[in-house]
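# Residue-level structural notes
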Protein chains: 2
Amino acid sequence: MKDVIELSHGDGGINTSKLINNFFIKYFGNEILNKLEDSAILNLNGVNIAFTTDSFVVSPIFFPGGDIGKLSICGTINDLVTTGCKPIAISFAVIIEEGFPIEDLEKILTSINYVLKETNLKIVTGDTKVVNKGNADKIFINTTGIGILNEDINISPLNIKPGDKILINGSIGEHGLAILSSRKEFSFKSSLQSDCAPLSSLVNNMLGASKKIHALRDVTRGGLATILIELAKLSRTTMTIYEEKIPLKRETKGICEFLGLDPLYLANEGKMVAFVDRNDAEKVLAAMRKNKYGKDSQIIGEVNEKGEGLVIYQTKLNTRRVLDLQYSEQLPRIC
Amino acid sequence: MKDVIELSHGDGGINTSKLINNFFIKYFGNEILNKLEDSAILNLNGVNIAFTTDSFVVSPIFFPGGDIGKLSICGTINDLVTTGCKPIAISFAVIIEEGFPIEDLEKILTSINYVLKETNLKIVTGDTKVVNKGNADKIFINTTGIGILNEDINISPLNIKPGDKILINGSIGEHGLAILSSRKEFSFKSSLQSDCAPLSSLVNNMLGASKKIHALRDVTRGGLATILIELAKLSRTTMTIYEEKIPLKRETKGICEFLGLDPLYLANEGKMVAFVDRNDAEKVLAAMRKNKYGKDSQIIGEVNEKGEGLVIYQTKLNTRRVLDLQYSEQLPRIC
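Residues numbered from 1 in each chain as written. Chains lettered and ligands numbered in written order. Predicted model: local features only at pLDDT ≥ 70, side-chain atom pairs only at ≥ 80, totals over all residues.

## Some words on the relation of the copies chain B and chain A
Note on the identical chains: chain B maps onto chain A by a rotation of 180° and an axial translation of 0.0 Å, with an RMSD of 0.0 Å. The transformation just described matches what one would write down for a two-fold rotation axis. Closest approach to the rotation axis within chain B is made by the C-alpha atom of Ala136 of chain B, at a distance of 2.0 Å. Most of the interface of chain B is mirrored in chain A, where 100% of its interface residues again form contacts. (Least-squares fit on C-alpha atoms with pLDDT ≥ 70 in both. Contact = placed C-beta atoms within 7 Å.)

Laid out in structure tokens, this is it:
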């Protein structure tokens, strides 16, 4: 590791992993943090809660399908519900650059409010900081969330088992491309919108359909490939996913081919993968498809066996390759 | 309000108050957020918790007596313990500017680790973002904390009563001046250090001495005057503080006179005011003085009567004036 922070340290890939392990875990390590799950699980006098934090630095702050406000609330909700908890409360801390238009702030607050209403959630505490012009890029938001865990729910990457089916709630890569298309330095236009969405109702429907959902993970930075590799390593399993099963919009496919991007590594902000006991997979799939955020859900693969943490990608031509962690995110500041 | 965010919107004074009320409360308002206390109190299946968030953008990030890391953990601990809760867990989210030296990161993590060890607290979840060079100023940290409230403790500004004594755990203004003296644009040198400290053990000792502590508040942005005015308004009381009783280091006094600053409005990061039933005030004072962060504790005033929220400042010459909210913080980015 070089002696300064590089953009790749924040991209969710190999360097982020090194930064976390070599520094944050080294200094702060404890039995909860070391699990490196999206949400920490805490027992507070007998009540189990999920607790998760995220800062959002997306650029541009307004993009097709969302903005930094919607992104921040959805991101925290989605991190919470990967534990199967019911989200209860969110904190909202904002760092604003001097000169930021109040009109833009109101747009952001309006879109946050919309998600709060839809999900029946509250922001209960907050903080405001303003820095001099040039000392931040417009606005950064931190949202930290708390949810209550039902006693009979036990969802964790460690519960992933051979035989489990792998489900996803729709097509991948749209958030990454929506951000890319809205950057000044890229000239291509597309009709793709970010998939940014709060997935609490989806997960609630899934939990209603089956008690055998073993693991959930929202598919964000690093894309589907990175998240599956992490889960394969955490659960010490080998899994296979099938190109022909993975939902992908025609336009996403076209842009990726044109720009040389791999949709498996593109960011999403409204996608969840689920690992479900094979006998309940169809039931859960049906429940997902009834939810507005799961209409295009698919079973995309399965867990094969205990192993070293490999994810095998089987193409439409029946070739098979092991997916690798990419050295660097294809795009910085996508969330 | 003008149509862009100004530095004064983040200074904890009148404009921050306007921003919060006209925008954040307007869009997010609910019965918990509207209380505008440092920590939200949530009931999670019968367990009461305190929940608080703060982002830290202090400049410079290293200053006499501390750094942005120590400041962030102490700030969140101190916000939590104003409720009388026992702090349990903290989240840590960092936004780092590309090119930031790893060596500086390690210094910051080391000083956080030191506070965690002293207070027996854990960071249980985190997030890392990196932005391009020039899109943030070195490093910003968000810490969000959770604590558990003991059932028999009820501490709130709303409990402040006429007759209560007002206590503080030591001398004021040192954090503000330590930051000021370390800014490039100021040439004066001083031996003053920031008072940045975690006050959980102090509050624990105070709670052990009396069940009649009515309210606690850490004295940060805006200084002692601003915090007391807020508390007087929240509790609808009139209170008096005495210049001769307020602990103030000789050097603080000298620098303030030289630069035309009012120490009542300077930031602190290790000071707590307490409102205590008059009969227990001496007991609590004695307990405070035994703690290493309370050796210079004093009773600085009292609550006089129900009223409109006035704070009266009685000088050594026995003149009396009503303290006003200042239009703007004397210094931006002090926390």
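## Observations regarding the sheet that holds strand E14 (residues 320-322) of chain B
Residue and element names in this part refer to chain B. Read across the sheet, 7 strands follow the order E9-E11-E8-E12-E10-E13-E14 without closing on themselves; strand pairing throughout is mixed. Looking along the sheet, the strands with just one partner apiece sit at the ends: strand E9 (213-218) and E14. Taking each pair of neighbouring strands and ignoring which way they run, the sheet shows an average axis angle of 25°. Its contacts with the sheet place helix H8 (residues 281-290) against strand E8 (165-168), E9, strand E11 (272-276) and strand E12 (298-306), and it is angled at close to 5° to E8. (Pairing = 2+ DSSP bridges. Helix = DSSP H or I, 4+ residues; strand = E, 2+ residues; numbered from the N terminus. Axes fitted to C-alpha atoms, helices over the stretch in contact; angles between N-to-C directions.)

## A few points about the interface of chain B and chain A
Chain B puts 70 residues into the contact, and the matching count from chain A is 70 residues. Breaking the side of chain B that touches chain A down by element, the ones donating at least two residues are helix H1 (14-28), strand E1 (40-44), strand E2 (47-56), strand E5 (86-97), helix H3 (102-119), strand E6 (122-131) and strand E7 (139-148) of chain B. With 10 residues, E6 of chain B is the single largest residue contributor to the side of chain B that touches chain A. Residue composition of the side of chain B that touches chain A, grouped by class: 39 nonpolar, 20 polar and 11 charged. (Nonpolar A, V, L, I, M, F, W, Y, C, P; charged D, E, K, R; others polar.)

## Examining helix H5 (residues 200-209) of chain B
Among all positions in H5 of chain B, only Ser200, Leu202, Val203 and Met206 of chain B are buried. Axial view of H5 of chain B: buried residues confined to an arc of 160°, hence all on one face. (Buried ≥ 20, exposed ≤ 12 C-beta atoms within 10 Å, placed from the backbone. Arc of directions from axis to C-beta.)

## Let's talk about helix H8 (residues 281-290) of chain A
Residue and element names in this part refer to chain A. Within the span of H8, buried status applies to Ala281, Val284, Leu285, Ala287 and Met288. The arc enclosing the buried residues of H8, seen along the axis, measures out at 165°, which places them on a common side. Looking at the packing, one finds that the buried side of H8 touches strand E8 (165-168), helix H5 (200-209), strand E9 (213-218), strand E11 (272-276) and strand E12 (298-306).

## Re the packing of helix H3 (residues 102-119) of chain A against H1 of chain B
Geometrically, a packed helix pair is captured by the angle between its two axes and the distance between the axes. Running from N to C, H3 of chain A and H1 of chain B cross one another at 20°; their axes reach a closest spacing of 9 Å. Taken together, the axis directions place H3 of chain A and H1 of chain B in an arrangement best described as roughly parallel. In this structure, H3 of chain A meets H1 of chain B at a crossing whose hand is right-handed. Taking contact as the criterion, the partners of Leu105, Glu106, Leu109, Thr110, Ile112, Asn113 and Leu116 of chain A in H3 of chain A are, on H1 of chain B, Phe23, Tyr27 and Phe28 of chain B. The residue makeup of the contact of H3 of chain A with H1 of chain B, split by class, is 7 nonpolar, 2 polar and 1 charged. (Parallel < 35°, antiparallel > 145°, perpendicular 65-115°, else oblique. Left-handed = near helix turned anticlockwise from the far one by under 90°.)

## Examining the pairing of E1 of chain B
Side-chain alternation along E1 of chain B places Ala40, Leu42 and Leu44 of chain B on a buried face and Ile41 and Asn43 of chain B on a face that remains uncovered. Here E1 of chain B folds back onto E2 of chain B in antiparallel fashion, the turn holding 2 residues, of which Asn45 of chain B has a positive phi close to 45°.

## Some thoughts on the sheet that holds strand E2 (residues 47-56) of chain A
Residues and elements named next belong to chain A. Spatially, 5 strands are ordered E1-E2-E7-E5-E6 in an open sheet, and the strand pairing comes out mixed. Across the chains shown, the open sheet's two edge strands, defined by having one partner strand only, are strand E1 (40-44) and strand E6 (122-131). Put simply, the sheet's adjacent strands are angled 20° from each other on average, direction ignored. In the sheet, E2 pairs with strand E7 (residues 139-148) via 8 bridges, with the strands oriented antiparallel.

## Some points on the domain arrangement of chain A
All names here are of chain A. One can read the domain layout of chain A as domain 1 (37-148) and domain 2 (157-322). Once you take the C-alpha centre of each, domain 1 and domain 2 turn out to be 23 Å apart. Elements represented by at least two residues in the side of domain 1 that touches domain 2 include exactly helix H2 (68-81) and H3. When residues of the side of domain 1 that touches domain 2 are assigned to their parent elements, the largest contribution, 9 residues, is made by H2. Counted by class, the side of domain 1 that touches domain 2 contains 11 nonpolar, 7 polar and 4 charged residues. (Domains from an automatic or database assignment.)

## Some words on the environment of Ile179 of chain A
Mapped onto the elements of the fold, Ile179 of chain A is located in helix H4 (residues 174-181). Residues Ile179 of chain A and Lys189 of chain A lie 10 residues apart in sequence; the distance between their C-alpha atoms is 11 Å.

## A look at the environment of Asn150 of chain A
Residues and elements named next belong to chain A. Secondary-structure assignment places Asn150 in the loop between E7 and E8. Taking the number of C-beta atoms within 10 Å as the measure of exposure, Asn150 has 13 and is therefore partly exposed. Measuring from C-alpha to C-alpha, the distance between Asn150 and Thr83 comes to 9.9 Å, with 67 residues separating the pair along the chain.

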